Amino acid sequence: MRSVLLLALVGLTSAAAAQSITGGTSVIKGGGGNGGGLVTGAIGALAGAGKYMNNEPVALGRDIETRFFGGLHITLQAAKVSDKTSALRTFCYPWLGFRLEGGSSFTYRDRLRFGVGGGWGVNGYMMALDSVSSSVYHSTKNAEVRLAWHTLPKRNEPSQWSFGVGFGATFQRADERNTVKDGVSTRTVALRDVRPYIAPEIGRFTSSGKDRFELALRYMTHFDPAPAWTSTSSFHGNWASTQASDDNLALVIRYHLGVRKRVPPPAPAAPSLEEIAMDTLPKLTAKRQRITLTLWDDAEVDGDTISVLLNDLPVLVAHCLSHEPMKLRLDLGFGYNKLELIAHNEGRIPPNTARAILRRGKGKEELLIKTGRRRGKMMVMIRG
């Protein structure tokens, strides 16, 4: 899956060096094509590819997760008539285009995402001049920074809402195209320019796993209202000028590919959990997926060694407590979660004593945890 995405990005973006204005004219005839079906099929295939991504929960999450992303924008835009002779009937239709993008993103605690990327794409336009259709395809490059915020995931829902906004610039080449076909003479001109834009978007973002899939609706609007290109066509002694700013509405499909998964440490060899009695602390609730547990020894460092298990999986193994705090970032599942702390020894001065701070969203709990070779502590966390 990753290699296919990379090959597609490399192969298709190589076209960015080609002519930036293409298009043509043809006589309008009845009947329809299968373009809509092809677009629908392509979107369905890309969206369905999300099932091949790694969506297994990450055992040891990071505060900041780094991912590389690739995306496809199916764009919709329309030109407008700027001037024409009164005898010529002209119409501008919304038309499809596409844009490819790639880059990297950094997500803080699965809530706030910052991305940097760039792309290349083609905006398509269709105009009708009496009985003749005229098309213009304008290709540009862009660079962008994007900030997005994710809502908290809900129980039994595999995705969460994402609200974002991109700030960037469109880079266009100077180009000119002259065509004569079916009695229509057309001259299209684009000037070399750098045009800043803003692009708000809203979508759905998968809520678990190393890799993530995103489907969003986005609108790009340039700060400069000047046209990106101007096209003038003459037909039977009449003429019309059309132009467009390259503003567009887009359906966006993105794949966010995570870096190498952190491998949990091996299960502690000792002590045996079957031989330990667990003292249960009062139940706590949490709305957040990510909680933080900080452990240290604030008394005499005497060799106390502990392990921590979350839902029977080790997240800290045989750690010797010191004055230096050890911070654990733990991802809770929905419903019942148990956090167990067990001692491997009692140091020189029994019992095994640790100070702890638990952060679960709002405020913090300061805990004094005393464990022994035959007795441990268990905290129950209920995530709603």
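The structure under discussion appears in the preceding block.
Everything in this summary refers to the structure shown in the same document. (Residues numbered from 1 in each chain as written. Predicted model: local features only at pLDDT ≥ 70, side-chain atom pairs only at ≥ 80, totals over all residues. Heavy atoms only, no water.)

## Thoughts on the overall build of the chain
Moving on, step 1. Along its length, the chain carries 2 helices and 25 strands.
Moving on, step 2. For the chain, the residues scored as buried account for 45% of the 384 residues in total.
Moving on, step 3. At a minimum sequence separation of 6, the contacts of the chain that also span at least 24 residues come to 74%.
Moving on, step 4. When the accessible area of the chain is evaluated, it comes to approximately 18,900 Å², of which 60% is carbon and sulfur surface. (Helix = DSSP H or I, 4+ residues; strand = E, 2+ residues; numbered from the N terminus. Buried < 20%, exposed > 50% of the residue type's maximum accessible area, 1.4 Å probe, protein only. Contact = heavy atoms within 4.5 Å. Areas by Shrake-Rupley, 256 points an atom, 1.4 Å probe, with all protein chains shown as cover.)

## Notes on the environment of Thr107
Moving on, step 1. Following the sequence through the fold, Thr107 ends up in strand β5 (residues 95-108).
Moving on, step 2. Taking relative accessible area as the criterion, Thr107 reaches 1% and is therefore assigned buried.
Moving on, step 3. Measuring from C-alpha to C-alpha, the distance between Thr107 and Asp63 comes to 8.0 Å, with 44 residues separating the pair along the chain.
Moving on, step 4. Those residues in contact with Thr107, other than ones at most four positions away along the chain, are Asp63, Ile64, Glu65, Arg67, Leu112, Arg113 and His150.

## Remarks on the packing of aromatic side chains
Moving on, step 1. Under the criterion given, the structure shown has 4 aromatic pairs.
Moving on, step 2. Between Phe98 and Trp120 the ring centres are 5.8 Å apart and the planes differ by 75°, which places this aromatic pair in the edge-to-face class. Taken together, the residues Phe98 in strand β5 and Trp120 in strand β6 (residues 112-129) connect sequence positions 22 residues apart.
Moving on, step 3. According to the relative accessible area criterion, Trp120 is buried, its value standing at 8%.
Moving on, step 4. Aromatic pair Tyr125 and Trp229: ring centres 5.1 Å apart, planes at 65°, arrangement edge-to-face. Of this pair, Tyr125 sits in strand β6 while Trp229 is found in strand β13 (residues 229-235), placing the two residues 104 residues apart along the sequence.
Moving on, step 5. In this structure Tyr125 comes out as buried when scored by relative accessible area, which is 1%.
Moving on, step 6. Judged by its relative accessible area of 1%, Trp229 falls in the buried class.
Moving on, step 7. For the cation-ring pair, Arg113 lies above Phe205, with the distance from its terminal atom to the ring centre recorded as 4.8 Å. (Phe/Tyr/Trp six-rings, centres within 6.5 Å; stacked < 30°, edge-to-face > 60°. Lys NZ or Arg CZ within 6 Å of the ring centre and 35° of its normal.)

## Topic: empty space enclosed by the protein
Moving on, step 1. Under the counting rule described, the total for this entry stands at 7 cavities of 30 Å³ or more.
Moving on, step 2. For the largest cavity, the calculated volume is near 100 Å³.
Moving on, step 3. In this structure, the largest cavity is lined by 16 residues; those nearest its centre are Glu101, Gly117, Asn142, Glu144 and Arg146.
Moving on, step 4. Sort the elements by how many residues they give to the lining of the largest cavity and β6 lands first, with 5 residues.
Moving on, step 5. When the residues that make up the lining of the largest cavity are grouped by side-chain class, the tally is 4 nonpolar, 7 polar and 5 charged. (1 Å grid on protein atoms, 1.4 Å probe; cavity = no way out; pocket = protein on both sides within 12 Å on 5 of 7 lines; lining within 4 Å. Points joined across faces, edges and corners; volume = space filled by probe spheres on them. Nonpolar A, V, L, I, M, F, W, Y, C, P; charged D, E, K, R; others polar.)

## A closer look at the side chain of Thr75
Moving on, step 1. With respect to the helices, strands and loops of the structure, Thr75 is situated in strand β2 (residues 64-77).
Moving on, step 2. Side chain to side chain, Thr75 and Gln77 meet in a polar contact 3.1 Å long.
Moving on, step 3. Each residue touching Thr75, except ones within four places of it in the same chain, is listed here: Trp95, Leu96, Gly97, Phe98, Val122, Asn123, Asn248, Leu249 and Ala250. (Polar contact = N/O pair within 3.5 Å; in protein donor to acceptor, adjacent residues only side chain to side chain.)

## Quick look at the pairing of strand β20 (residues 313-320)
Moving on, step 1. Strand direction decides the pairing type here: strand β19 (residues 305-310) and β20, joined by 5 bridges, are antiparallel. If you follow Thr305 over to β20, its bridge partner there is Cys320. (Pairing = 2+ DSSP bridges.)

## Observations regarding the pattern of salt bridges
Moving on, step 1. Per the counting criterion, the structure on display carries 15 salt bridges.
Moving on, step 2. A salt bridge links Arg113 to Glu214; the nearest nitrogen and oxygen atoms lie 3.2 Å apart. Remark: Glu214 occurs in strand β12 (residues 212-222) and Arg113 occurs in strand β6; sequence separation between them is 101 residues.
Moving on, step 3. Classification of Glu214 as buried rests on a relative accessible area of 1%.
Moving on, step 4. Among the ionic contacts, a cluster of salt bridges with common partners joins Glu101, Arg113, Glu144, Arg146, Glu201, Glu214, Arg218 and Arg254. (Salt bridge = Lys/Arg side-chain N within 4 Å of Asp/Glu carboxyl O.)

## Remarks on unusual backbone geometry
Moving on, step 1. Phi is positive for Asp312, which is not a glycine, with a value near 75°.
Moving on, step 2. Tracing the backbone through its elements, the reader meets Asp312 in the loop between β19 and β20.
Moving on, step 3. With phi around 50°, Ala318 is a residue other than glycine that occupies positive phi space.
Moving on, step 4. Within the element layout of this structure, Ala318 appears in strand β20.

## Section: the sheet that holds β13
Moving on, step 1. Taking strand neighbours across the sheet as the criterion, the 5 strands line up as β3-β14-β13-β10-β9 in an open arrangement whose pairing is antiparallel. The two strands at the open ends of the sheet, each matched to only one other strand, are β3 (80-84) and β9 (175-181). Here the strands of the sheet are splayed against their neighbours by 15° on average, with no regard to which way each runs.
Moving on, step 2. Alignment of β9 against strand β10 (residues 184-190), held across 7 bridges, turns out to be antiparallel. Pairing of Thr179 across the sheet is with Thr186, part of β10. (Axes fitted to C-alpha atoms, helices over the stretch in contact; angles between N-to-C directions.)

All quantities given are derived from atomic positions and should not be read as evidence of function.
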